[in-house]
Amino acid sequence: MTAPGLTTKQAPFIEEVQSRGEIYIRQPYELYSEENQETWRQLYKRIRPRWEKYAHPKFMEGVRNLALDPHAVPRLENINQFLQPLSNFRAKAVSGYVPAYVFFECLKNREFPTTITIRDGKTLDYLPEPDIFHDVAGHVPMHTDRTFADVLVRFGQVAECVAEMVQGIPDEHERMRRLDSIIKGMARFFWFTVEFGLMRTNEGLKVYGSGLLSSYGEIEHVLESPEVQRYPFQLEWVVNQYFEIHHYQPLVYIVEGFDHLYEEVARLEAWIKDGKLDNLSPGEPNVSEEDLRSFLEAKKEHPVGA
Ligand SMILES: [Fe+2]
């Protein structure tokens, strides 16, 4: 029998820490099995040429600056040694799902909640939940760019503003209704930028979204297929556009640069304050009870000024 290792959904270590309710954990590197290491090598080897062709130059610079190892699952402490001097961001190991507000709060504190398990080697192509290949090979290289890192921080600040705002709504039904709509809009914004965004560059359209950067099939499909609609980023579309996670995206948005992305996050906050996200079109993503609660309880745990 092979060692259980740290395979997604099959890791006893993860089950144990989750049963204790622990979100932040250490990366027990010694538990990665040889099969886990081989899965990393396969994933990296397949996608590398596609990165060179389709990824944003800042992402490639990030891969170099992090000294991402093609031959071994990365150790977060090594990644952080390279990352922190560049943007003061760090990857922080988590046991799995992180409630929405807690996730955004981490971003505000320049920490990226990072999954440490790796997908089963038999399903290299698709898995709905994040793994270390998605989080470290897909997300973290972008965090080496200061402006991009600041976009994430700004996003965390928007979440803080939302928590404060909705907690001031006296009527409970109205409070929940508006919060649900705003979180939906924020999730859509995040999806169509940080996860599936395209950016215009001197070399044409390039991929900066991590869902694309960690998908061998979709990174090519999103730029080459005539079936994909690629439109300039438009906030009113993005926050109202539902998305589905189980297939390639038929519709993606293009930003003009990292500064443009930052401006749009700032605009998102202004729109939230104006109530423009209070009545968004329904549909995916569904906002869970736990995500709603995480916003409502945000300040009770961390009072302002504490
Ligand atoms: Fe992601």
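Attention in this report is confined to the structure presented alongside it. Note that the structure is a prediction, hence the values are computed from the model and not measured.

## Overview of unusual backbone geometry
Reasoning step 1: Along the chain, Glu284 connects to Pro285 via a cis peptide bond; the corresponding omega equals -5°.
Reasoning step 2: Tracing the backbone shows Pro285 in the loop between α12 (258–273) and α13 (289–296).
Reasoning step 3: In this structure, Asn88 takes a positive phi of about 65° despite not being glycine.
Reasoning step 4: Residue position: Asn88 is located in the loop between α4 (76–87) and β1 (90–94).

## A word on helix α2 (residues 34–54)
Reasoning step 1: A rise of 1.5 Å per residue sets the reference length of α2, with its 21 residues, at 30 Å; its end C-alpha atoms lie 30 Å apart and thus fit the reference within 8%.
Reasoning step 2: At Ile47, α2 shows its maximal bend, which comes to roughly 35°, and the proline Pro49 appears one to four places after that position.
Reasoning step 3: Listed in full, the buried residues belonging to α2 are Asn36, Thr39, Trp40, Leu43, Ile47 and Tyr54.
Reasoning step 4: On its buried face, α2 sits against α6 (132–139), β4 (204–207) and α10 (218–224).

## Side note on the pairing of strand β5 (residues 229–232)
Reasoning step 1: Looking at chain direction, β5 and strand β6 (residues 251–255) are connected through 4 bridges and run parallel. Among the inter-strand pairings, Pro232 is bridged to a residue of β6, identified as Ile254.
Reasoning step 2: At this point the chain moves from β5, through helix α11 (residues 235–240), to the parallel β6, and the crossover so formed is right-handed.

## Describing the packing of helix α7 (residues 146–167) against α12
Reasoning step 1: The interhelical angle for the contact between α7 and α12, taken along N-to-C directions, is 5°, at an axis separation of 9 Å. Of the possible angle classes, the one that applies to α7 and α12 is roughly parallel. Counted together, Thr147, Phe148, Asp150, Val151, Arg154, Phe155, Val158, Cys161 and Val162 of α7 and Phe258, Asp259, Leu261, Tyr262, Val265, Ala266, Leu268, Glu269 and Ile272 of α12 form the full contact between these two elements.
Reasoning step 2: For the contact of α7 with α12, the residue count by class is 13 nonpolar, 1 polar and 4 charged.

## Comments concerning the nonpolar core
Reasoning step 1: Residues Tyr101, Phe155, Val158, Val162, Val207 and Phe295 are the most contacted members of the largest nonpolar core, which totals 80 residues.
Reasoning step 2: A total of 10 residues in this core trace back to one element, the largest contributor, which is α7.
Reasoning step 3: Not counting residues up to four positions away in its chain, the partners in contact with Val207 are Tyr54, Ala55, His56, Leu198, Leu212, Leu213, Ile219, Val222 and Leu223.

Rules used in this analysis
- Residues numbered from 1 in each chain as written.
- Predicted model: local features only at pLDDT ≥ 70, side-chain atom pairs only at ≥ 80, totals over all residues.
- Helix = DSSP H or I, 4+ residues; strand = E, 2+ residues; numbered from the N terminus.
- Expected span 1.5 Å × (residues − 1).
- Bend = angle between axes of the 7 residues up to and from the residue.
- Buried ≥ 20, exposed ≤ 12 C-beta atoms within 10 Å, placed from the backbone.
- Contact = placed C-beta atoms within 7 Å.
- Pairing = 2+ DSSP bridges.
- Right-handed = clockwise from strand over helix to strand, strands pointing away.
- Axes fitted to C-alpha atoms, helices over the stretch in contact; angles between N-to-C directions.
- Parallel < 35°, antiparallel > 145°, perpendicular 65-115°, else oblique.
- Nonpolar A, V, L, I, M, F, W, Y, C, P; charged D, E, K, R; others polar.
- Core = buried A, V, L, I, M, F, W, Y, C linked by C-beta atoms within 7 Å.

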